[in-house]
Amino acid sequence: MNSVIEYQWQLFIFLESLSWVMLLVFGVVRYWFQKRRLSGIFLGLFVFLLIMEGILALVVYNETGEISQFHIVIIIFLLYACTFGIVDFLKLDRWMRLKIGGWRKIDMLSEKDKRIIVKQENPKQIAKKYRTSSLVHTIIFLIVQAVFWLQGTGSVQAMMPYLTDWSWAGTEDIGRTPYKNEGLYHASMIWSIVFAIDFIWSWSYTFFPAKPKK
């Protein structure tokens, strides 16, 4: 078990890299060789490796007793895979069939697929998609931050002063922050920057929509 704790990052990188290999093999087998049943095995292995990442995070937490940057990274990867990752995967599926079908001079898209592609290129639909993703990201961000603050402060009442006085943000003194340890604090600061950029970028499609494609 000590080896798992010592090499936790290496194990995670190995599992994540292997999962992407399974996804790549899935694409080649499914779209190029047209072996749908065989490709399902590699897709199943991809899902299995994601589950193994979750188990790894639980094992490390069980041994250390605290949430660290390692857990945050895995949580983000798993949340993406279970939410936006599914949508992106379906979009990639249609894109692969479109491109490979073009190379092989065959039509691999159904009429439903073609309608979805046209719909996804509509500026209003794009703006709606980004508003939805922004809302989901906001909810996840607030919930996770609330959990982190509760861990560091112990109660909702103790959290209140940090909401009214943000002078602690950016400090290097972990004792002045509502976080339990430096790992959570620094990871949260980075996430806050990413969240702000993502929020502005997502809503830009609503306020500055692209021109419809002819």
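Residues numbered from 1 in each chain as written. Predicted model: local features only at pLDDT ≥ 70, side-chain atom pairs only at ≥ 80, totals over all residues. Heavy atoms only, no water.

S.K.: Describe the overall build of the protein chain, listing the residues and the values that go with them.
M.R.: Check the secondary structure of the protein chain and you find nine helices and zero strands. Tracing the protein chain from N to C terminus, the helices and strands come up as α-α-α-α-α-α-α-α-α. A globule of 214 residues ought to have a C-alpha radius of gyration of about 17 Å, yet the protein chain, at 21 Å, is considerably larger. The principal-axis extent of the C-alpha atoms belonging to the protein chain is close to 65 × 50 × 25 Å. Looking at the 214 residues of the protein chain, the share that counts as buried comes to 30%. Sequence-distant contacts, at least 24 apart, represent 60% of the contacts inside the protein chain between residues at least 6 apart. Surface exposure of the protein chain reaches about 14,200 Å², of which carbon and sulfur atoms provide 69%. In the protein chain, which carries 23 positive and 16 negative side-chain charges, the distance between the mean positions of the two groups comes to 20 Å. (Helix = DSSP H or I, 4+ residues; strand = E, 2+ residues; numbered from the N terminus. Rg over C-alpha atoms; globule rule 2.2 N^0.38 Å. Buried < 20%, exposed > 50% of the residue type's maximum accessible area, 1.4 Å probe, protein only. Contact = heavy atoms within 4.5 Å. Areas by Shrake-Rupley, 256 points an atom, 1.4 Å probe, with all protein chains shown as cover. Lys, Arg positive; Asp, Glu negative; His and termini not counted. Charge placed at Lys NZ, Arg CZ, Asp CG, Glu CD.)

S.K.: Account for the environment of Y185, with residues named and values stated.
M.R.: Structurally, the position occupied by Y185 is in helix α9 (residues 182–207). When the C-alpha atoms of Y185 and G152 are compared, they prove to be 10.0 Å apart, with 33 residues separating the residues in sequence. Setting aside residues no more than four positions away along its own chain, Y185 makes contact with W168, A169, G170, T171, I174, T177 and Y179. Among the polar contacts listed, one links the side chain of Y185 to the backbone nitrogen of G170, at a separation of 3.0 Å. (Polar contact = N/O pair within 3.5 Å; in protein donor to acceptor, adjacent residues only side chain to side chain.)

S.K.: If you had to explain the packing of helix α2 (residues 8–32) against helix α4 (residues 69–82) to someone new, which residues and values would you point to?
M.R.: At their nearest, the axes of α2 and α4 sit 11 Å apart, and the two run at 15° to each other. The pairing of α2 with α4 is recorded here as roughly parallel in orientation. Crossing handedness for the pair α2 and α4: left-handed. On the side of α2, the interface is formed by Q8, W9, F12 and E16, while α4 contributes Q69, F70, V73, I74 and F77. Looking at the contact of α2 with α4 residue by residue, the classes come out as six nonpolar, two polar and one charged. (Axes fitted to C-alpha atoms, helices over the stretch in contact; angles between N-to-C directions. Parallel < 35°, antiparallel > 145°, perpendicular 65-115°, else oblique. Left-handed = near helix turned anticlockwise from the far one by under 90°. Nonpolar A, V, L, I, M, F, W, Y, C, P; charged D, E, K, R; others polar.)

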